[in-house]
Amino acid sequence: MNKDLTVGKPSKVLWLFCIPLFLSVIFQQMYNIADSFVAGRFIGESALAAVGNSYEITLVFLAFAFGMNIGCSVIVSRYFGAKKYSDLKTSVYTTLITAGVLCVLLMAVGLLFSMQLLKLIDTPDAILEDSASYLIIYVWSLPFVFYYNIATGIYSALGDSKTPFVFLACSSVANIGMDILFVTGLRSVFARGVDGVAWATFICQGVSCILAVIVIFIRLSKIKGDGKAKPFSLSIFLQIIQVAIPSILQQSFISVGNVFIQKAINGFGSGVIAGYSAAIKLNNMVIVSFATIGNGISNYTSQNIGAGKLSRIHEGFKAGIKMMFYIAIPFVVLYCAIGQYVCLLFLDNTTGEASKTAITFLRIVSPFYLVISVKMVVDGILRGNGEMIKFTIATMADLILRVVLAFLFSYLWGSIGIWIAWPVGWCTAVAISGGFYIHDKWNKKKDVPQIVSE
């Protein structure tokens, strides 16, 4: 069901819209958590390390899908808010064509150079073959990853956060069951355990993607436009990539930065790699939750800009901060107080090197969730307003600091130094983003129409 985010009390509108988004991202993270859970508990620590090692490279590919999601979502939101329905449909078709071409290029890179990418980050020989096997299967699933992300972006742009939640909830629960089945019951079929984990995820992602895209086309067919929608528009394509490219670059640089951080971590051995793999999955569940709510705020901002209701944006900012804090505080308490038991999702005990690594990471990083959540809210507003340069500056400052300090601090304090780099980068990024927001003074802007039709 489509939802107009330009009417109603801003705080209530955002809460109702963003809660399903938050629940959706929890289930989305269950894909990766399920892979690591099954690998760590049913195969062994080396399998967990292999999945975690490959995961950092898969995030580079995911960055492109995420960028297309944001580009499409912001532009579709704007046309939806302005009730330019033919342009809205053209935006969807243009994104689907662009994403298809980009996906083919990325698959070629992944299939041809997967082993070289893994060697580039100094993957230990003991987990190299398993890492490569998992990565190649993931690359074959890229069309599903791309089109599912675009579909969820379209749903969000139309104000519908419930439909993608239903798809994700069903597919994520199914993925857990299939992971266990493929690794235990079908061990003879999947001689290499991580293959079973990868194929289970491939199948579940494929089914959810196909269903999501089908429903999108059904939904679009019911929206009556003010003219005939074009299959492709160069001007709309330029609008989309104006938002998508900075988002892709930002996410890609973050992912590449994480790959370099993984390279530093790999020098400490498989125990630290496995511990980091467990901790980063738990950490990413929180960070991606923040980012997803930030995307919701982008849709809210973009729809209101399209409708010319700029005065509603500051109210959305205040509601977004409260929402983020309500999510962040329980995770801070959970990870700091009983993080060692949460890590048992992936690890066999709380006393080995892997467990100690995971617990240390969580206790250093999690208190700063309250800091990074503020940046995610501002990011959402900047993206929704198309201010991608400011958004990119703040994010790049965080990334560069984290990568440089991870290597510097690792020489000074070992693996603990790498974890300390996270809070330093986050605090710097929040200071920059906050400065941009205060300078924009959204609460003083008056309502004026800003959308321009093609």
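Note that the structure is a prediction, hence the values are computed from the model and not measured.

S.K.: Describe the overall build of the protein, and please don't skip the residues or the numbers.
M.R.: Across its full length, the protein holds 14 helices and 0 strands. In the protein, the succession of α and β elements from N to C terminus is α-α-α-α-α-α-α-α-α-α-α-α-α-α. Counting every position in the protein, which comprises 454 residues, the buried fraction comes to 60%. Restricting the contact set of the protein to residue pairs at least 6 apart, pairs at least 24 apart contribute 85%. Accessible surface, the protein as shown: approximately 17,300 Å² in total, 70% of it carbon and sulfur.

S.K.: Any chance you could break down the packing of aromatic side chains for me, citing the residues and the numbers?
M.R.: The full count for this structure, using the stated rule, is 17 aromatic pairs. Taking 6.3 Å as the distance between ring centres and 55 degrees as the angle between the ring planes, the aromatic pair formed by Y276 and W422 counts as tilted. Pair noted here: Y276 is in helix α9 (residues 270–306) and W422 is in helix α14 (residues 415–440), with a separation of 146 residues, a long-range link. Every member of this aromatic cluster is reached through a ring pair, and the members are F290, F331, Y335, Y369 and W426.

S.K.: Account for helix α12 (residues 369–384), naming residues and giving values.
M.R.: With 16 residues, α12 should cover 22 Å at 1.5 Å per step; its first-to-last C-alpha distance of 23 Å lies within 8% of that length. Most of α12 sits inside the fold, with 13 of its 16 residues counted as buried. Just past α12, the residue G386 takes up positive phi, approximately 75 degrees.

S.K.: Pulling in residues and values, what's your account of the packing of helix α10 (residues 312–342) against α12?
M.R.: Between two packed helices, both the angle of their axes relative to each other and the distance between the axes serve to describe the pair. Put simply, α10 and α12 touch, their axes get as near as 9 Å, and they point 150 degrees apart. Judged on the interaxial angle alone, α12 and α10 are roughly antiparallel. With respect to the hand of their crossing, α10 and α12 are arranged in right-handed fashion. Contacts from I313, F317, G320, I321, M324, F325, A328, I329, F331, V332 and Y335 in α10 reach Y369, L370, S373, V374, M376, V377, V378 and I381 in α12. For the contact of α10 with α12, the residue count by class is 17 nonpolar, 2 polar and no charged.

S.K.: Describe the environment of I432, listing the residues and the values that go with them.
M.R.: Positionally, I432 belongs in helix α14. With relative accessibility at 25%, the residue I432 sits in the partly exposed group. It is 9.6 Å that separates the C-alpha atoms of I432 and D398, two residues lying 34 residues apart in sequence. Once residues lying within four places of it in the same chain are set aside, the contact partners of I432 are I393, A394 and A397.

S.K.: Please set out the nonpolar core residue by residue, giving values where relevant.
M.R.: With 125 residues, the main nonpolar core has F290, F361, Y369 and W422 as its most contacted residues. At 17 residues, the largest contribution of residues to this core is made by α9. Beyond its immediate chain neighbours, meaning those up to four positions away, F290 contacts M324, I327, A328, Y369, I372, S373 and M376. In terms of nonpolar packing, the next biggest core, distinct from the first, is built from 8 residues, V51, Y134, V183 and A198 among them.

S.K.: With reference to specific residues and values, describe the pattern of salt bridges.
M.R.: Scanning the model with the defined rule gives 3 salt bridges in all. A salt bridge links E315 to K318; the shortest N-O distance between them is 3.2 Å. Of the two residues, E315 and K318 both sit in helix α10, 3 residues apart, roughly one turn of that helix. Across the pair D379 and K375 runs a salt bridge, and its minimum N-O distance is 2.6 Å. Here K375 and D379 lie together in helix α12, a separation of 4 residues that amounts to about one turn. On the accessibility criterion, D379 (2% relative accessible area) is buried.

S.K.: With reference to specific residues and values, describe the side chain of H314.
M.R.: Within the secondary structure, H314 sits in helix α10. Note on H314: relative accessible area 18%, which makes it buried. Among the polar contacts made by the side chain of H314, one reaches the side chain of Y437 at a distance of 2.5 Å.

Reading guide: rules and limits
- Numbers given to residues run from 1 along each chain, matching the order in which its sequence is written.
- Given that the model is predicted, a residue must reach a pLDDT of at least 70 before its local features are reported, and side-chain atom pairs must reach 80 or more before they are shown or counted; all residues, however, enter totals for whole chains, interfaces and linings.
- Side-chain numbers come from the whole structure's heavy atoms, not from hydrogens or water.
- Segments assigned H or I by DSSP are reported as helices when at least four residues long, segments assigned E as strands when at least two residues long, and all are numbered from the N terminus.
- Throughout, exposure labels follow a simple rule: accessible area from a 1.4 Å probe, protein chains only, divided by the maximum for the residue type, with under 20% read as buried, over 50% as exposed, and the rest as partly exposed.
- We call two residues contacting when some pair of their heavy atoms lies within 4.5 Å.
- The Shrake-Rupley method, run with a 1.4 Å probe, gives the accessible areas here. Residue values count only the displayed protein chains as cover.
- Aromatic pairs are defined between Phe, Tyr and Trp rings, using the six-membered ring for Trp, whenever the two ring centres lie within 6.5 Å; interplanar angles under 30 degrees are classed as stacked, those over 60 as edge-to-face, and all others as tilted.
- Expected span, for any helix, means 1.5 Å times one less than how many residues it has.
- Fitted lines through C-alpha atoms serve as axes, helices being fitted only where they are in contact, and the angles separating the N-to-C directions of these axes extend from 0 to 180 degrees.
- Each angle receives one of four descriptions, namely roughly parallel if under 35 degrees, roughly antiparallel if over 145, roughly perpendicular if within 65 to 115, and oblique otherwise.
- If you view the pair so one helix is near and one far, a crossing is left-handed when the near helix is turned anticlockwise from the far one by less than a right angle, and right-handed when it is turned clockwise.
- Note on residue classes: Ala, Val, Leu, Ile, Met, Phe, Trp, Tyr, Cys and Pro are nonpolar, Asp, Glu, Lys and Arg are charged, and everything else, Gly too, is polar.
- Each nonpolar core is a collection of buried residues, namely Ala, Val, Leu, Ile, Met, Phe, Trp, Tyr and Cys, held together in the definition by side-chain atoms within 4.5 Å.
- Any Lys or Arg side-chain nitrogen located within 4 Å of an Asp or Glu carboxyl oxygen qualifies as a salt bridge.
- N or O atoms closer than or at 3.5 Å make up a polar contact, with two conditions inside protein: a donor-capable atom paired with an acceptor-capable one, and, for residues adjacent in sequence, both atoms drawn from side chains.

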